[in-house]
Amino acid sequence: MNRRKLLFSLGVLGAGSLSARLGFPRLARSAPPDAPLSAEAQALVAKAWEGVDPARMVDSHVHLVGLGTDGTGCYVNPRTNQPLLHPISFAKFSIYRHAAGVEDDEHSDRQYRERLLSLIKTPPMRGRALVLAFDYLHDEQGKPRPELSEFHTPNDYVLKVAQENPEHVLPGASIHPYRPDAVDELERVAALGARTVKWLPNAMGINPGSPRCDAFYRKMAELKMPLHTHAGEEQAVEAEEAQALGNPLYLRRALDAGVKVVVAHAASLGTSEDLDKPGTHVSNFELWLRLMEEQRSTGLLYADFSAMTQYNRCKEPLRQLLMREDLHSRLVHGSDYPLPAINALIRTGTLEDLGYITSDERRVLNELDRHNPLLFDFTLKRTLAVRQDGKTYRFPASAFMLPEGLLRGM
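Residues numbered from 1 in each chain as written. Predicted model: local features only at pLDDT ≥ 70, side-chain atom pairs only at ≥ 80, totals over all residues. Heavy atoms only, no water.

Engineer: I would appreciate a short explanation of the packing of aromatic side chains in the present structure.
Structural biologist: The geometry of an aromatic ring pair is captured by the separation of the ring centres together with the interplanar angle, meaning the angle of the planes. Here the structure, examined in full by the defined rule, presents 10 aromatic pairs. An angle of 75° between the planes, with centres 6.1 Å apart, marks the rings of Tyr-112 and Tyr-337 as edge-to-face. In this pair, Tyr-112 is assigned in helix α5 (residues 108-121) and Tyr-337 in the loop between β12 (331-332) and α14 (348-353), connecting sequence segments 225 residues apart. Exposure remark for Tyr-337: the relative accessible area of 0% places this residue in the buried category. Geometrically, the ring pair formed by Trp-199 and Phe-216 is stacked, given 6.0 Å between the ring centres and 25° between the ring planes. Of this pair, Trp-199 sits in strand β6 (residues 196-199) while Phe-216 sits in helix α9 (residues 214-223); the two residues are 17 residues apart in sequence, bridging distant segments of the chain. Residue Trp-199 is classed as buried on the basis of its relative accessible area, which comes to 0%. A residue is classified by how much of its surface remains accessible, and Phe-216, at 1% relative accessible area, is buried. Here the aromatic residues Trp-49, Phe-305, Phe-378, Phe-395 and Phe-400 are joined through ring pairs into a cluster of three or more. The positively charged end of Arg-212 is found above the aromatic ring belonging to Tyr-178, 4.2 Å away from the centroid. The lysine or arginine in question, Arg-347, covers the ring of Tyr-311, its NZ or CZ lying 4.0 Å from the ring centre. (Phe/Tyr/Trp six-rings, centres within 6.5 Å; stacked < 30°, edge-to-face > 60°. Helix = DSSP H or I, 4+ residues; strand = E, 2+ residues; numbered from the N terminus. Buried < 20%, exposed > 50% of the residue type's maximum accessible area, 1.4 Å probe, protein only. Lys NZ or Arg CZ within 6 Å of the ring centre and 35° of its normal.)

Right under this line is the structure:
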């Protein structure tokens with residue numbers, strides 16, 4: 001096991017995995033708010049909404065996860081429920097479960113879904129969520145490998161949730177391009193209203209730079225279906241060869257095919273081989289910045305800034321994103337729910353220490369955090385600031401409104 005990941009997980013758990021299985025309020029929040037928002041909190045939320053049109057506000061990175069109860073077809077790898085054989089996987093998933101409001105495994109999928117919908121629908125939260133499916137890892141022959149997959153959320157489940165909640169949910173499909181039926185499935189979900197395709201190459205076994213993706217890319221471009229893909233290091237993956245699949249420069253192939261691409265988290269973790277200088281390694285964030293500056297990316301390449309406030313991303317990558325005003329029109333808001341509900345990942349004390357928020361703002365944001373993690377995530381990102389050389393840099397209101405034409409049919 002990767003020593004750094006082991007130490008991280010143990011640090012998150014603190015009191016141990018069996019206790020985490022029951023859920024620690026200090027690690028994650030799932031209970032509904034126990035009091036109305038204070039006047040200060042209401043004022044900060046109102047300020048956050050200034051200039052943001054709720055009709056165009058979309059949280060572009062929301063996960064729908066389940067155990068397969070109530071006929072959803074969802075799947076989570078069994079090792080997450082094996083504390084003796086896989087204590088770290090067990091403990092981490094227990095925290096995720098608690099953060100998502102799941103208390104009864106027999107009805108886990110319904111509880112997860114209802115908790116998510118309540119967070120989206122309850123004022124003063126507004127806008128819509130792009131809820132994402134997640135395909136199995138497939139091998140080189142295009143065969144699904146559940147035993148190697150972290151989790152699976154079927155396209156039809158996400159489409160159903162969106163159809164039942166059209167004012168609040170947009171459906172994002174997930175299709176592994178090595179599947180023999182990949183193009184057919186893409187056409188099918190597009191006809192049913194899917195707005196994007198979600199990939200996590202490191203965890204799904206996809207090389208975005210492979211010729212095997214070409215037919216899929218051609219159909220995506222034809223259908224005007226964008227690709228929302230992770231790039232950079234993925235901490236749920238152990239193998240270094242899998243991490244190599246997160247190289248942002250592999251996405252050149254999709255761009256050259258005319259596919260619009262949204263890079264999750266602005267590729268802000270880890271390093272990859274510089275394909276322009278083989279044998280050297282560069283931070284994935286720098287490779288993403290290079291890709292953004294290439295002619296092929298004009299009008300096609302974007303990034304969501306979900307998870308950028310997490311303790312392991314909030315230093316230089318977040319500071320650069322705030323200050324690079326030339327990139328702000330190509331940034332897309334996303335929460336990476338349920339991660340904003342995990343205290344150990346987003347630490348307002350660290351953000352205050354780094355100068356992004358004031359102590360008064362931190363106090364009010366902590367109140368919002370206890371009230372609604374999606375509202376907290378949105379307001380926090382609207383509040384962040386870098387003050388340098390007499391100028392203040394923030395994410396503009398436009399970064400929280402969906403760029404026209406980015407999602408299919410919108």
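Engineer: It is not clear to me how the pairing of strand β3 (residues 128-132) should be interpreted in this structure. Could you clarify?
Structural biologist: Each regular strand displays side chains that alternate between the two surfaces of the sheet. Among the five residues in β3, four count as buried, and that is most of the element. The sheet contact formed by strand β1 (residues 58-63) and β3 spans four bridges and is parallel. Along β3, the bridge assignment pairs Val-62 with Val-131. (Pairing = 2+ DSSP bridges.)

Engineer: What exactly am I supposed to notice about the environment of Trp-199 here?
Structural biologist: Considering only alpha carbons, one finds Trp-199 and Val-52, 147 residues apart in sequence, at a separation of 28 Å. Excluding residues within four positions of it along the chain, Trp-199 makes contact with Ile-175, Pro-177, Met-204, Ile-206, Pro-208, Cys-213, Phe-216, Tyr-217, Leu-227, His-228, Thr-229 and His-230. (Contact = heavy atoms within 4.5 Å.)

Engineer: Could you clarify how one ought to interpret the sheet that holds β12 in this entry?
Structural biologist: As a general point, the strands of a sheet are linked pairwise by backbone hydrogen bonds and lie either parallel or antiparallel. A sheet is described by the order of its strands in space; here eight strands give the open sequence β1-β3-β5-β6-β7-β8-β11-β12, paired in parallel fashion. Here the strands that pair on one side only, and so sit at the sheet edges, are β1 and β12.

Engineer: When you look at empty space enclosed by the protein in this model, what are you seeing that I'm missing?
Structural biologist: To find leftover empty space, one rolls a probe the size of a water molecule over the atoms. Tallied over the entire structure, the rule returns three cavities of 30 Å³ or more. There is about 60 Å³ of room inside the largest cavity. As for the largest cavity, its lining consists of Met-57, Asp-59, Ile-120, Met-125, Arg-126, Gly-127, Arg-128, Ala-129, His-333 and Leu-374. Tallied by class, the residues present in the lining of the largest cavity amount to five nonpolar, two polar and three charged. Quantified by volume, the second largest cavity comes out at close to 40 Å³. If you trace the second largest cavity, you find it lined by Ser-60, Leu-130, Thr-196, Pro-226, His-228, Val-262, Val-332, Leu-402, Leu-406 and Leu-407. Looking at side-chain class alone, the lining of the second largest cavity contains seven nonpolar, three polar and no charged residues. (1 Å grid on protein atoms, 1.4 Å probe; cavity = no way out; pocket = protein on both sides within 12 Å on 5 of 7 lines; lining within 4 Å. Points joined across faces, edges and corners; volume = space filled by probe spheres on them. Nonpolar A, V, L, I, M, F, W, Y, C, P; charged D, E, K, R; others polar.)

Engineer: Honestly, the pattern of salt bridges in this entry has me stumped. Any pointers?
Structural biologist: Pairing is possible between side chains that carry opposite charge, provided their charged atoms lie close to one another. In the structure shown here, the tally under the stated rule is 27 salt bridges. Close ionic contact of Arg-79 with Glu-150 constitutes a salt bridge, the shortest N to O distance being 2.6 Å. Placement of the pair is Arg-79 in the loop between β2 (75-76) and α4 (87-99) and Glu-150 in the loop between β3 and β4 (151-152), with a sequence separation of 71 residues. In this structure, Arg-324 engages Asp-326 in a salt bridge whose closest nitrogen and oxygen atoms are separated by 2.8 Å. (Salt bridge = Lys/Arg side-chain N within 4 Å of Asp/Glu carboxyl O.)

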